[in-house]
Amino acid sequence: MPSVSSKEKLKIRSLELPLTERFLKAREDFPSLRRVDNGVQLAYLDGPAGTQVPQQVIDAMSRYYATSNANTHGCFITSKETDALLEEARCTAAVFLGTPDSSTISFGANMTTLTFSLSRAIGRTLQDGDEVVISQLDHEANRGPWLTLRERGVVIKEIPVRPNATLDEEEMRSVITERTKLVAIGMSSNAFGTVNNVELARELSANVGAWLFLDAVHYAPHFSIDVQKLDTDFLVCSAYKFYGPHVGMLYSRKGLLEHLETDRLRTQDPTAPFRMETGTLNHAAIVGVRAAIDYLASFGEGSTERERLVTAMNRIASYEHSLAASLYAELGRIAGVTVCGVAFDDPHRAPTVSFTLDGKTPEEICTRMAEHGICVWDGHFYAIRPMEVLGLLEQGGVTRVGISLYNTSEEIERLLETVRLIASEN
Ligand SMILES: Cc1ncc(COP(=O)(O)O)c(C=O)c1O
């Protein structure tokens, strides 16, 4: 946990400064932003693959190892401290996702592992001919685990993706039927930044009594989440995408996990949320999850952690949106560049901008960017299905630029200059 004094300092700073300066100042919290390669300071525009970590999170994790490291449920002090720290982290994660009930939050290695475990458990409740609806836009981690259910005779239907990287809502209406038992869709695309109409998915799935599973991995770093308002049955996210360590989190509506035959040992606590948690968890990292959420909350204001988180996420969204919108517009002006996905006139658009450049593969572009100290990704980022459908896979996918709260307009300008340079070499 960050010490009270550093938390207070952050809070005061965030109230005093205008938006841009507040985020510029936040850069001091991230030691890795000082990293220099080939004499150039690195510009981390790779947030969708994992964000950098502030000192507050690093300190919380080191403090755990230095003072409280133990296994759970022992009679001695460090074990009791570990139990308390894990429960505090669970409570904070619950607040982050908009529920007062920490028993709805299970931790795991990452989103993919949790989703595979859940798909096996849900699969045991399904019969031959039952249907599960997934989408063509999603990351493979929200497709592969459900596709394995075909082995049990479950029929998997796909909501198609349109050329502008949005889901076809008319098709969503027709693929969700009385036979649908589960709809598994992403809140936001990690490849194109699209934000999906999950309210429609909820309405349609509720009409036929199907469960809703939301992949919030790409959404959680940019917008606040309210599982109660979403009325979702399950939601997953990963803390390493929002300034925390490599830990996955699963929200399950109260009472649901108890109905599922999860993979578990006879020695394991059969109640929720532990029913989904096998083996010894990464305690230090879970302590780090709490610190990461507290860190996010420090950008907001209000009398409760939830209020601080919601205001913080709104500020983060607005700051990132302005950088991403100008990046999207400027990239579109470079000859030979095709920018993917929908425009930034919708404020609810994740700040992730992908593009292709005639005559250069995404790998060539990213290699050249790296020479200029710019960290960006090429390829399909495991969102391989939309790349296939949109005909982008054969050319090596796309180049993806992700904006995080520590990015600056200077970094965007540096990136644009480099793209202009690469384009001019064609
Ligand atoms: C949208 C989305 N879903 C799922 C995942 C998988 O998350 P994890 O690495 O925690 O398994 C990712 C990772 O990039 C992602 O971006």
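Residues numbered from 1 in each chain as written. Predicted model: local features only at pLDDT ≥ 70, side-chain atom pairs only at ≥ 80, totals over all residues. Heavy atoms only, no water.

1. Brief notes about helix α14 (residues 409-424)
Taking 1.5 Å per residue as the helical rise, α14 with its 16 residues ought to reach 22 Å, and the 22 Å between its terminal C-alpha atoms agrees with that figure. All of the buried residues along α14 are Glu-411, Ile-412, Leu-415, Leu-416, Thr-418, Val-419, Ile-422 and Ala-423. Each buried residue of α14 sits inside an arc of 160 degrees when the element is viewed along its axis, so together they form one side. Exposed side chains of α14 directed beyond 90 degrees from the buried face belong to Glu-410 and Ser-424. (Helix = DSSP H or I, 4+ residues; strand = E, 2+ residues; numbered from the N terminus. Expected span 1.5 Å × (residues − 1). Buried < 20%, exposed > 50% of the residue type's maximum accessible area, 1.4 Å probe, protein only. Arc of directions from axis to C-beta.)

2. Thoughts on the pattern of salt bridges
Enumeration over the complete set of coordinates arrives at 29 salt bridges. Between Glu-28 and Lys-25 there is a salt bridge whose closest N-O contact spans 3.0 Å. For Lys-25, a relative accessible area of 33% gives the class partly exposed. Among the ionic pairs, Glu-371 bridges to Arg-368, the shortest N-O distance being 3.0 Å. One end of the pair, Glu-371, and the other, Arg-368, are both in helix α12 (residues 362-371), 3 residues apart, so they sit about a helical turn from each other. Judged by relative accessible area, Glu-371 falls into the partly exposed class, the value being 45%. Shared partners join several salt bridges into a network, and the residues in it are Glu-140, Arg-143, Glu-158, Arg-385 and Glu-388. (Salt bridge = Lys/Arg side-chain N within 4 Å of Asp/Glu carboxyl O.)

3. Comments concerning the domain arrangement of the protein chain
In terms of domains, the protein chain is made up of domain 1 (11-53 + 314-421) and domain 2 (61-296). Distance between the C-alpha centres of domain 1 and domain 2: 26 Å. The interface is formed by 38 residues belonging to domain 1 together with 31 residues belonging to domain 2. Across the domain 1/domain 2 interface, buried area totals approximately 2,700 Å², and carbon plus sulfur atoms make up 60% of it. It is His-348, Arg-385 and Leu-390 in domain 1 that bury the most area against domain 2; as a group they hold 20% of the surface buried on that side. Put simply, domain 1 and domain 2 have 1 salt bridge between them. Close ionic contact of Glu-158 with Arg-385 constitutes a salt bridge, the shortest N to O distance being 3.0 Å. Going through the elements one at a time, α11 (305-332), β12 (352-357) and α13 (384-389) are the ones with two or more residues in the side of domain 1 that touches domain 2. The biggest single contributor to the side of domain 1 that touches domain 2 is α13, with 5 residues. Taken together, the residues that form the side of domain 1 that touches domain 2 break down as 24 nonpolar, 9 polar and 5 charged. (Domains from an automatic or database assignment. Contact = heavy atoms within 4.5 Å. Buried area = accessible area lost by both parts, 1.4 Å probe. Nonpolar A, V, L, I, M, F, W, Y, C, P; charged D, E, K, R; others polar.)

4. Points about the nonpolar core
Side chains that are nonpolar tend, in soluble globular proteins, to be buried together. Core analysis: the largest hydrophobic core is formed by 102 residues, its most contacted members being Leu-97, Phe-107, Leu-235, Phe-242, Leu-331 and Leu-405. When residues of this core are assigned to domains, at least three map to each of domain 1 (11-53 + 314-421) and domain 2 (61-296). Sequence-distant contacts of Leu-97, that is, excluding residues within four places in its chain, are made with Ile-105, Ile-225, Asp-226, Val-227, Leu-235, Cys-237, Met-249, Tyr-251 and Arg-306. Core analysis: the second largest hydrophobic core is formed by 26 residues, Ile-134, Phe-234, Val-236 and Leu-257 among them. (Core = buried A, V, L, I, M, F, W, Y, C linked by side-chain atoms within 4.5 Å.)

5. Topic: the site of the ligand
The local shell around the ligand consists of Asn-110, Met-111, Thr-112, His-139, Ala-141, Asn-190, Asp-215, Val-217, His-218, Ser-238, Tyr-240 and Lys-241. Taking Ser-238, its side chain carries an N or O atom lying 2.4 Å from an oxygen atom of the ligand. Measuring from an oxygen atom of the ligand, one finds a side-chain N or O atom of Lys-241 at 2.6 Å. Protein chains bury 90% of the 390 Å² of accessible surface belonging to the ligand in isolation. Its residues assigned to classes, the shell around the ligand comprises 4 nonpolar, 6 polar and 2 charged. (Near = heavy atom within 4 Å. Polar contact = N/O pair within 3.5 Å; in protein donor to acceptor, adjacent residues only side chain to side chain. Areas by Shrake-Rupley, 256 points an atom, 1.4 Å probe, with all protein chains shown as cover.)

6. What about unusual backbone geometry?
Here the amide bond leading from Ala-272 into Pro-273 is cis, since omega sits at 5 degrees, within 30 degrees of zero. Here Pro-273 lies in the loop between β10 (248-252) and α10 (283-297). Positive phi values are uncommon outside glycine, yet Tyr-243 reaches one of about 75 degrees. The residue Tyr-243 is located in the loop between β9 (234-238) and β10 in this model. Owing to a relative accessible area of 0%, Tyr-243 belongs among the buried residues under this scheme. Although it is not a glycine, Phe-381 sits at a positive phi angle of roughly 55 degrees. Examined against the element boundaries, Phe-381 turns out to sit in the loop between β14 (377-379) and α13. Relative accessible area serves as the criterion here: at 11%, Phe-381 is assigned to the buried category.

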